[in-house]
Amino acid sequence: MNRPDTLNVPEMDIDPFSTDFLAMPYPDHERMRQAGPWVWLKRYGILATCRHAQVKAVLSDHVNFISSAGVGLANFNQEAPFRPKSLILEADPPDHTRARTILARILSPKTVAQIREHFSAEAESLVDRLLARCRDGAVIDGVKDLAEVYPLKVFPDAVGLEPEGRHNLLLYGDMIFNAFGPRNELLQRAAEKVQPVTAWIMHHCQREQLRPGGFGDLIYQAADQGEISHQEAPMLVRSFLSAGVDTTVNGLGNALLCLAQHPDQMEKLHADPGLARSAFEESLRLESAVQTFFRTTPHEVALEGLVIPPNTKVLTFLAAANRDERQWPEPEKFDIQRRAAGHMAFGTGIHACVGQVVARLEGELILNAIARRVKRIELVGEPVRRLNNTLRAMSSMPMRWIPA
Ligand code: 4MI
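Everything quoted here is computed from the prediction, not taken from an experiment.

K.L.:
Just checking my understanding: could you explain the nonpolar core for this structure?
P.N.:
The nonpolar side chains of soluble globular proteins are, as a tendency, buried together. Core analysis: the biggest nonpolar cluster contains 98 residues, and Ile219 and Trp401 have the highest contact counts within it. Those residues in contact with Trp401 that lie beyond four places of it in its chain are Val127, Leu130, Leu131, Cys134, Ile140, Leu146, Ile370, Val374, Arg376 and Ile377. Membership of the second largest hydrophobic core comes to 18 residues, among which are Leu22, Met32, Leu41 and Phe294.

Shown next, in the form of structure tokens:
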């Protein structure tokens, strides 16, 4: 698609949703960052930025860069959304504000204090079991045995979901995060499996399926109070089930991989398990689970000398902002003692991840439990990537933990 005359920015032929790009996005991120603050990606007819300042500027400006037209490639003003729109992710104020207020209350630091004990006990016992297997000489899988297991246990427990059928959450996540990209083969394949999965998800968004007092039930209580309608309540529960699992699964998987690939940093973490939280933060910066999000201009937008036409899709590369040398000294270096605050892995602005306190809790507890028991993580086979249009994801990571 042609670059509008008013957009005097470099044109590039990079396809950020191709197999090669998704397998190794960072060199192309660097090419785009070097080309300028903004680039035009011809293949999709979109404006894009890989620099920290510009990503932050777009995400901080919800008036000129809206979410209600979709936060993927598809423009919902021009084509039907692939599923009924999220009441929070794919909404603008004032609709967004109502939903956000409820979710922010449910996912508050006060809630985190309440769930911490359960989340901690589960982290400790899972890591104990895996270490016992390593002591027996077994190889464990950092993804299948840990990164997929822990979030699939603790978060749905907190939402109040029954134990049966939770693997549907991973299939659903794979589909929706692919659906933020183009209708390529990745999305096609994910979409083939999705009918029964969607039915399972929506069934489990019903009040009768949710444990009284859990996060899901609290949404229905907000509906009882008149904050949202009872028709809207299951849709907000759906947001928990969409955003709460695949993101943390891959956040944990990426953190484990970083620590396995950087034995010196693992050694530091073992020496001071109090670094767990900062180690998780640094892995979010270096290997952001959510790599990209889009915004859309609702009207002509003048910015940094550019005149962006209405209905322009703007792609923000969160993961590239997190490696911008203009923002970070030695951006490619994994340093668990660096100040990674200000990274874009959770976004920023009014749509910044509302569950980030829970995500950080999971990361901290797992890394801390490992740090106290393990001095080294050894990869014993090639880690296998799971390509997804939006997620930086792993499907398998054979490893052995060397006990302290
Ligand atoms: C950033 S990940 C994500 C957030 C929200 C939703 C899905 C994914 C949703 O459906 O509300």
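K.L.:
Would you explain the sheet that holds strand 3 (residues 46–49) in this entry?
P.N.:
Strand pairing in a sheet relies on backbone hydrogen bonds. The paired strands run either parallel or antiparallel. An order of 1-2-3-8-5 is seen for the 5 strands of this open sheet, with the pairing classed as mixed. If you trace the sheet from one side to the other, it starts and ends with strand 1 (11–12) and strand 5 (292–296), each paired once. Two strands pair when backbone bridges link them, and strand 2 (residues 39–41) and strand 3 are joined in this way by 3 bridges, in the antiparallel orientation. Among the inter-strand pairings, Leu41 is bridged to a residue of strand 3, identified as Ile46. Contacting strand 3, strand 5 and strand 8 (313–317), helix 3 (residues 52–59) crosses the sheet at an angle of about 130 degrees to strand 8.

K.L.:
Hey, could you run me through the packing of aromatic side chains in this one?
P.N.:
For any pair of aromatic rings, the description consists of the separation of the ring centres together with the inter-plane angle of the planes. Summed over the entire model, instances satisfying the criterion amount to 8 aromatic pairs. An angle of 20 degrees between the planes, with centres 6.3 Å apart, marks the rings of Phe17 and Phe294 as stacked. Of the two residues, Phe17 is situated in the loop between strand 1 and helix 1 (19–23) and Phe294 in strand 5; the sequence distance between them amounts to 277 residues. Summarising the aromatic geometry, the rings of Phe177 and Phe180 are spaced 5.7 Å apart at their centres and angled 75 degrees between planes, so their arrangement reads as edge-to-face. Residue Phe177 is classed as buried on the basis of its relative accessible area, which comes to 5%. The exposure class of Phe180 is buried, given its relative accessible area of 4%. Feature note: the residues Phe17, Tyr44 and Phe294 constitute an aromatic cluster, connected by ring pairs. Directly above the aromatic system of Trp328 lies the positively charged group of Arg285, at a separation of 5.4 Å from the ring centroid. The positively charged end of Arg323 is found above the aromatic ring belonging to Tyr26, 3.5 Å away from the centroid.

What counts, and where the lines are drawn
- Along each chain, residues carry numbers from 1 onward, in the same order as the chain's sequence is written.
- It should be noted that, the model being predicted, local features are given only for residues of pLDDT at least 70 and side-chain atom pairs only at 80 or more, the latter also being counted only at that level, while totals for whole chains, interfaces and linings use all residues.
- Excluded from the side-chain calculation are hydrogens and water; included are all heavy atoms of the structure.
- In this description, a nonpolar core means a group of buried Ala, Val, Leu, Ile, Met, Phe, Trp, Tyr and Cys residues linked to one another through side-chain atoms lying within 4.5 Å.
- Exposure is judged per residue with a 1.4 Å probe applied to protein chains only, and the accessible area is read against the type maximum: over 50% gives exposed, under 20% gives buried, and values in between give partly exposed.
- Residues count as neighbours in contact if any of their non-hydrogen atoms are within 4.5 Å of one another.
- Each pair of strands is called paired provided DSSP finds at least two bridges between the two strands.
- Each helix corresponds to a stretch of at least 4 residues labelled H or I by DSSP, and each strand to a stretch of at least 2 residues labelled E; elements are numbered beginning at the N terminus.
- The convention used is that axes are lines fitted to C-alpha atoms, helices contributing only their stretch in contact, and that angles between N-to-C directions extend from 0 to 180 degrees.
- For Phe, Tyr and Trp, rings pair up if their centres lie within 6.5 Å, where Trp contributes its six-membered ring, and each pair is then called stacked (planes under 30 degrees apart), edge-to-face (over 60) or tilted (otherwise).
- Lysine and arginine charges are scored as sitting over a ring when NZ or CZ, respectively, is within 6 Å of the ring centre and within 35 degrees of the ring normal.

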